[in-house]
Amino acid sequence: MSMDQVKLKYLCTSYSTPITQDQINKNGQYKVYGASGLVGYLPNEGCKTTYLGIVKDGAGVGRINAYEAGSYLLGTMAYIIPNSGVNIKWLKYAIMSLDLGKSISKTTIPHIYFSEYSNRKVGWSSLDTQARIADFLDYKCDEIDSVIAITQKTIEEYKALKQSIITEVVTKGIRGDRPMKDSGIEWIGDIPAEWDVVRIKNLFDYRNERNFKPLEEVNLISLYTDKGVVQHCDLDETTGNKASNADGYKLVYENDIVVNIILCWMGAIGRSAYFGVTSPAYDVYSPKQKTNSKFYHYLFRTNGFSGDCYKVGRGIMAMRWRTYSDQFRAIKVVSPPQSEQEEIVEYLDEKCEGIDDLIAKKQQYLTEIENYKKSLIYEYVTGKKEVHPL
């Protein structure tokens, strides 16, 4: 079925309102939505009709959903109102078919604006055909979304299993039943009797060596909460502000521990497998003799240790909560004999590799099913495939 092509801007209008989190409250008749869902209420009526809302700034940019009449959107989102003769459910799928990722400005805070994607064309059909397409896609996408939700849940369960195994092994070892003693650390509890409890400063030295080579002559290294320490050359694309020079960057050696003082309480700590340079905003620690930094890489990335980083840190808000070097180095951790540290690392490397393989397979399946959903929407909205009347 061939369809006429029409620019999106002729099918709908869009606007934003400057509503912020501090203007809303927990009481009120009319709901206020943000990128994450319902965020509060306002006493007076919002948009007079049902509408689409799209995240235009920040996390979740490009995500689109339908909202009820009377509600509001935060200023990070935009209202999209269908014109007369346009089915709102069909319009949502029509916009989704545009592959909005191509219109996202990938700056420090990603954004997407109506003026940038509204000149793109979508397939146009009668109101009856729009309704048939929308109903069909609702049914099919609900099925696909159920599979996606189950897959995502499985991935989270694998991640939780991995975290559980790591926590158990770095606090109890792998040698089975043996005499235990109280560690004095709340989240760790009992530990093998021959293990010690020491402060981090007894295991690692603070490294503050600086780089003065040109940017093109150094190996740039970054730290990510999910990936750990990675080389820029191994990333498909780096986000955020790009370095213009590496003057004053900190040197990082293989086996050093890199710590993001702002996000270490969220797990932004990791061992480096490379020599390179990293942001001066990070702290770098070199392992002392008899300290296996890979063992502490595992320990430092547990939820329990993240909690300790938060307890000793300070700040005015969660995303600016800093754990400075003197606070970090004062945290108490377990210290098994070096031979047992190495034994535990070998065990966890094998276990984590197996779980990571399972996660990778599930994530690949997730990508495939999400791509299938995109292609399904595109094919029916553009008329490449037809929904026949009953």
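Note: the structure precedes this text.
Here's a quick rundown of the structure. Predicted model, so just to flag it, every value in this text is computed and none were measured. (Residues numbered from 1 in each chain as written. Predicted model: local features only at pLDDT ≥ 70, side-chain atom pairs only at ≥ 80, totals over all residues. Heavy atoms only, no water.)

As a further point, take the packing of aromatic side chains. For any pair of aromatic rings, the description consists of the separation of the ring centres together with the inter-plane angle of the planes. Within this structure, the stated rule accounts for 19 aromatic pairs. Centre to centre, the rings of Tyr15 and Tyr79 are 4.5 Å apart; their planes meet at 10°, and the pair counts as stacked. Residue Tyr15 is located in strand E2 (residues 12-15), and its partner Tyr79 is located in strand E8 (residues 77-82); the two are separated by 64 residues in the primary sequence. Where Phe204 meets Phe300, the ring centres are 6.0 Å apart and the plane angle is 50°; that geometry is what we call tilted. Highlighted residues: Phe204 in strand E13 (residues 204-207) and Phe300 in helix H4 (residues 293-300), separated in sequence by 96 residues. Neither residue differs from the other here; Phe204 and Phe300 are each classed as buried. Through pairs of rings, three or more aromatic residues link up here, namely Phe204, Tyr206, Tyr285, Phe295, Tyr296, Phe300, Phe305 and Phe328. A cation over a ring is seen here: Lys92 above Tyr93, with NZ or CZ 5.0 Å from the ring centre. Above the plane of the ring of Tyr224 lies Lys227, whose end atom (NZ or CZ) is 5.1 Å from the centre. (Phe/Tyr/Trp six-rings, centres within 6.5 Å; stacked < 30°, edge-to-face > 60°. Helix = DSSP H or I, 4+ residues; strand = E, 2+ residues; numbered from the N terminus. Buried < 20%, exposed > 50% of the residue type's maximum accessible area, 1.4 Å probe, protein only. Lys NZ or Arg CZ within 6 Å of the ring centre and 35° of its normal.)

Ile80, Trp90 and Leu91 are the most contacted members of the largest nonpolar core, which has 40 residues in total. Among the elements of the structure, strand E5 (51-55), E8, helix H1 (88-96), helix H2 (114-117), helix H3 (127-172) and helix H7 (338-381) are those that each provide at least two residues to this core. Per element, the largest residue contribution to this core is eight residues, and it comes from H7. Those residues in contact with Leu91 that sit more than four places away from it in its chain are Leu8, Cys12, Leu52, Ile80, Pro82 and Val86. One finds Ile166, Phe305, Cys309 and Val345 within the second-largest nonpolar core, a separate group that totals 30 residues. (Core = buried A, V, L, I, M, F, W, Y, C linked by side-chain atoms within 4.5 Å. Contact = heavy atoms within 4.5 Å.)

On to the packing of H1 against H7. Put simply, H1 and H7 touch, their axes get as near as 9 Å, and they point 115° apart. Seen along the crossing, H1 lies across H7 with a hand that is left-handed. Contact residues: H1 offers Trp90, Tyr93, Ala94 and Met96, while H7 offers Lys373, Ile377 and Val381. Grouping the constituent residues of the contact of H1 with H7 by class yields six nonpolar, no polar and one charged. (Axes fitted to C-alpha atoms, helices over the stretch in contact; angles between N-to-C directions. Left-handed = near helix turned anticlockwise from the far one by under 90°. Nonpolar A, V, L, I, M, F, W, Y, C, P; charged D, E, K, R; others polar.)

Turning next to the layout of surface pockets. A probe as big as a water molecule, rolled over the atoms, marks out the empty space that is left. In this structure, the largest pocket spans a volume of roughly 1000 Å³. At the level of secondary structure, the elements contributing two or more residues to the lining of the largest pocket comprise H3, strand E15 (228-231), H4, helix H5 (303-312) and H7. Element by element, the count of residues in the lining of the largest pocket is highest for H7, at seven residues. Residue classes in the lining of the largest pocket are distributed as nine nonpolar, nine polar and 10 charged. (1 Å grid on protein atoms, 1.4 Å probe; cavity = no way out; pocket = protein on both sides within 12 Å on 5 of 7 lines; lining within 4 Å. Points joined across faces, edges and corners; volume = space filled by probe spheres on them.)

The strand order across the open sheet built from four strands is E2-E8-E5-E6, with neighbouring strands paired in antiparallel fashion. The open sheet has two edge strands with one neighbour each: E2 and strand E6 (64-67). Strand-to-strand twist across the sheet, computed as the mean angle between neighbouring axes with direction ignored, equals 30°. Bridge count between E2 and E8: four bridges; the pairing is antiparallel. Within the sheet, the bridge partner assigned to Ser14 lies in E8 and is Ile80. Packing of H1 onto the sheet brings it into contact with E2, E5, E6 and E8, and relative to E5 it is tilted by some 25°. (Pairing = 2+ DSSP bridges.)

Let us now look at unusual backbone geometry. A negative phi angle is the norm for most residues apart from glycine, just as the trans form is the norm for most peptide bonds. A positive phi is found at Asn255, a non-glycine position, where the angle reads about 80°. Residue classification places Asn255 among the partly exposed positions, given a relative accessible area of 29%.

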